[in-house]
Amino acid sequence: MIVRSAYGVYDGGAGNDVFEAANTSAVFTGDDGADVAWVTTGAYSIDTGVGDDCVTVSYSRANVVTGDGADRIAISDASVSVDAGAGADTLSICNAAGWLSMGDGADAVSAALGLYTIDAGAGDDVVVLYNCEGAVFGGAGNDQLTVLNGNCSLDGGAGDDALVSCAGASFLDGGAGNDTLLALTGNATLKGGAGADVMTGGAGNQIFSTTRSTDRSTRFANSRAARIISPSPRPRSAWRPGRCFRRACSPWRGGRRAGSVRVRRRLLDALFRPRRNRPIRARGRRADGRSHDNVSRRHLDRLTRPPSMQIRGRRV
């Protein structure tokens, strides 16, 4: 079936169909087969169905669904929504804006001069963006995501991905898997995510965010500055009793209960018996930053030990 330049709704059915339209508004359904659609200057809804289809859109507003198969899509100067479906699809878009879903398969996407949201889906995908802004989700698979110039957000998703930012202030998130993140120039943020990731920064002010000890981050010799954000170590408690003290204060010792309050106080008095009215000198600093010098034993006891183990009933 061949349709050229007319208003209306068209159903090509099964087979190899050709749809051409300009300066109009139309709905075209191709069903199964290797269909070809070429539209310009108008508003269109195109569904080519299953098969290796070829779609070209320019100077239009369009909703394109190509279904399963190795489809080829070319878009320029348009506002579009694309659902490529399963298969090894090829998409080229320039000077446009839109939402692009590539579906399953090893897809190839090249985008320039526009604002895009790209979902590469499952499969080993290749996405290249030049002088544009947007967000790219790699999904499952070993993806290669590259930003030549622009401010983009790259999420590698699951798999061993390679994310490259040549210039611009981009955000690179490796996601799950052993990913490789590279920022050549610009103010980029590199986040390793889960897995043993390798992050490299070039000229510019990069920020490295590591979540695992197996991540590696390096910088080129000519880089100006960089910050490395890593998880802080687990804080240690202010006071930890020794092994002998814990054994002496165990609930049962020597056939009778020794963990009562009275026994604990006696043990504390025996271990930490201060001299009356005698100040002590202790090293270190308190929580407020001041030193412990020339403070009484009771005052030091309140600062360093929990209330249940402080000395009570004795004047210092």
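Every chain begins its residue count from 1, and numbering advances along the sequence as written. Owing to the predicted nature of the model, reporting of local features is limited to residues with pLDDT of at least 70; listing and counting of side-chain atom pairs is limited to 80 or more, with chain, interface and lining totals taken over all residues. Excluded from the side-chain calculations are hydrogens and water; all other atoms, namely the structure's heavy atoms, are used.

Asker: Tell me about the overall build of the chain, and please be specific about residues and values.
Answerer: Secondary structure elements follow DSSP: runs of H or I of four or more residues count as helices, runs of E of two or more count as strands, with numbering from the N terminus. Regarding its fold elements, the chain presents 3 helices and 25 strands. Only protein chains enter the area calculation, which uses a 1.4 Å probe; residues under 20% of their type maximum are buried, those over 50% are exposed, and those in between are partly exposed. A burial count over the chain gives 39% of its 316 residues as buried. Contact between two residues is taken to exist if any of their heavy atoms lie within 4.5 Å; hydrogens are not considered. Within the chain, residue pairs in contact and separated by at least 24 positions form 4% of the contacts whose partners lie at least 6 positions apart. Accessible areas in this description were obtained via Shrake-Rupley with a 1.4 Å probe; residue shielding takes into account the shown protein chains only. Looking at the chain as shown, the accessible area adds up to about 17000 Å², and 51% of this sits on carbon and sulfur atoms.

Asker: Can you break down the side chain of Ser 60 residue by residue, with the values?
Answerer: Among the secondary structure elements, Ser 60 is positioned in strand 5 (residues 54-65). Among the polar contacts listed, one links the side chain of Ser 60 to the backbone nitrogen of Gly 42, at a separation of 3.3 Å. Engagement of the side chain of Ser 60 in a polar contact is seen with the backbone oxygen of Ser 58, the distance being 2.7 Å. Between N or O atoms, a polar contact is any pair within 3.5 Å; within protein, one atom must be a potential hydrogen donor and the other a potential acceptor, and residues adjacent in sequence are included only when both atoms are from side chains.

Asker: Could you give an account of the environment of Val 82, with specific residues and numbers?
Answerer: Secondary-structure assignment places Val 82 in strand 7 (residues 79-83). Excluding residues that lie within four positions of it along the chain, Val 82 makes contacts with Val 64, Ile 73, Ile 75, Trp 99, Leu 100 and Ser 101.

Asker: Run through the packing of aromatic side chains, naming residues and quoting values.
Answerer: Side-chain rings of Phe, Tyr and Trp, where Trp is taken by its six-membered ring, are said to pair if the distance between their centres is within 6.5 Å; with planes under 30 degrees apart they count as stacked, over 60 as edge-to-face, and otherwise as tilted. Considering all chains together, one arrives at 2 aromatic pairs under this definition. Between Phe 19 and Phe 28, the ring centres sit 4.6 Å apart and the planes meet at 10 degrees, which makes this aromatic pair stacked. The pair Phe 19 / Phe 28 is uniform in exposure class, with both members buried.

Asker: A description of the pairing of strand 9 (residues 97-101) should follow, citing residues and the corresponding values.
Answerer: Here, any two strands with at least 2 DSSP bridges between them count as paired. Note that strand 7 and strand 9 share 5 bridges and pair parallel. If you follow Ser 79 over to strand 9, its bridge partner there is Ala 97. Relative to strand 11 (residues 115-119), strand 9 is paired through 5 bridges, and the arrangement is parallel. Directly across from Trp 99, in strand 11, lies its bridge partner Thr 117.

Asker: Which residues make up a negative patch on the surface, and what are the values?
Answerer: Candidates for patches are residues over 30% relative accessible area with no salt bridge; among them, like charges are joined within 9 Å and nonpolar side chains (Val, Leu, Ile, Met, Phe, Trp, Tyr) within 5 Å. Salt bridges, as used here, are contacts in which a Lys or Arg side-chain nitrogen is within 4 Å of a carboxyl oxygen on Asp or Glu. The charge count treats Lys and Arg as positive and Asp and Glu as negative. His and the chain ends do not count. In plain terms, the charge of a residue is placed at NZ if it is Lys, CZ if Arg, CG if Asp and CD if Glu. On the surface, a cluster of negative charge is made up of Asp 11, Asp 31, Asp 32 and Asp 47. Within the secondary structure layout, Asp 31 lies in the loop between strand 3 (18-29) and strand 4 (36-47). Of the residues examined, Asp 31 reaches a relative accessible area of 35% and is grouped as partly exposed.

Asker: Outline the pairing of strand 7, listing residues and values.
Answerer: Residues Val 80 and Val 82 line the buried face of strand 7, whereas the alternating positions Ser 79, Ser 81 and Asp 83 sit on a face that is not buried. Summarising the sheet, strand 5 and strand 7 pair through 5 bridges and their orientation is parallel. Bridging across to strand 7, Val 65 finds its partner in Asp 83.

Asker: Can you lay out the nonpolar core for me, pointing to particular residues and giving the numbers?
Answerer: With 45 residues, the main nonpolar core has Val 57, Ile 75 and Val 80 as its most contacted residues. Counting residues domain by domain, this core receives three or more from each of domain 1 (1-87) and domain 2 (109-231). Excluding residues within four positions of it along the chain, Val 57 makes contact with Val 39, Ala 62, Val 64, Ala 74, Ile 75, Ser 76, Ala 78 and Val 80. By nonpolar core is meant a set of buried Ala, Val, Leu, Ile, Met, Phe, Trp, Tyr and Cys residues that side-chain atoms within 4.5 Å join together. The domain boundaries here were taken from an automatic or database domain assignment.

Asker: Now, about the side chain of Asp 107: what can you tell me, with residues and values included?
Answerer: Relative to the helices and strands, Asp 107 is located in the loop between strand 9 and strand 10 (108-112). Buried within the structure, Asp 107 lacks any salt-bridge partner; Arg 72 is the closest side chain of opposite charge, at an N-O distance of 13 Å. Polar contacts involving the side chain of Asp 107 include one to the main-chain amide nitrogen of Asp 89, which spans 3.0 Å. Excluding residues within four positions of it along the chain, Asp 107 makes contact with Gly 87, Ala 88, Asp 89, Met 102, Ala 120, Asp 124, Asp 125 and Val 126.

Asker: Tell me about unusual backbone geometry, and name the residues and values.
Answerer: Phi at Thr 41 is positive, roughly 55 degrees, even though this residue is not glycine. Residue position: Thr 41 is located in strand 4. Phi is positive for Tyr 59, close to 50 degrees, though the residue is something other than glycine.

Asker: So what's going on with the environment of Ile 46? Residues and values would help.
Answerer: Inspection of the secondary structure assignment puts Ile 46 in strand 4. Residue Ile 46 is classed as buried on the basis of its relative accessible area of 1%. Excluding anything up to four places from it in sequence, Ile 46 contacts Phe 28, Ala 37, Val 39, Val 55, Asn 63, Val 64 and Val 65.

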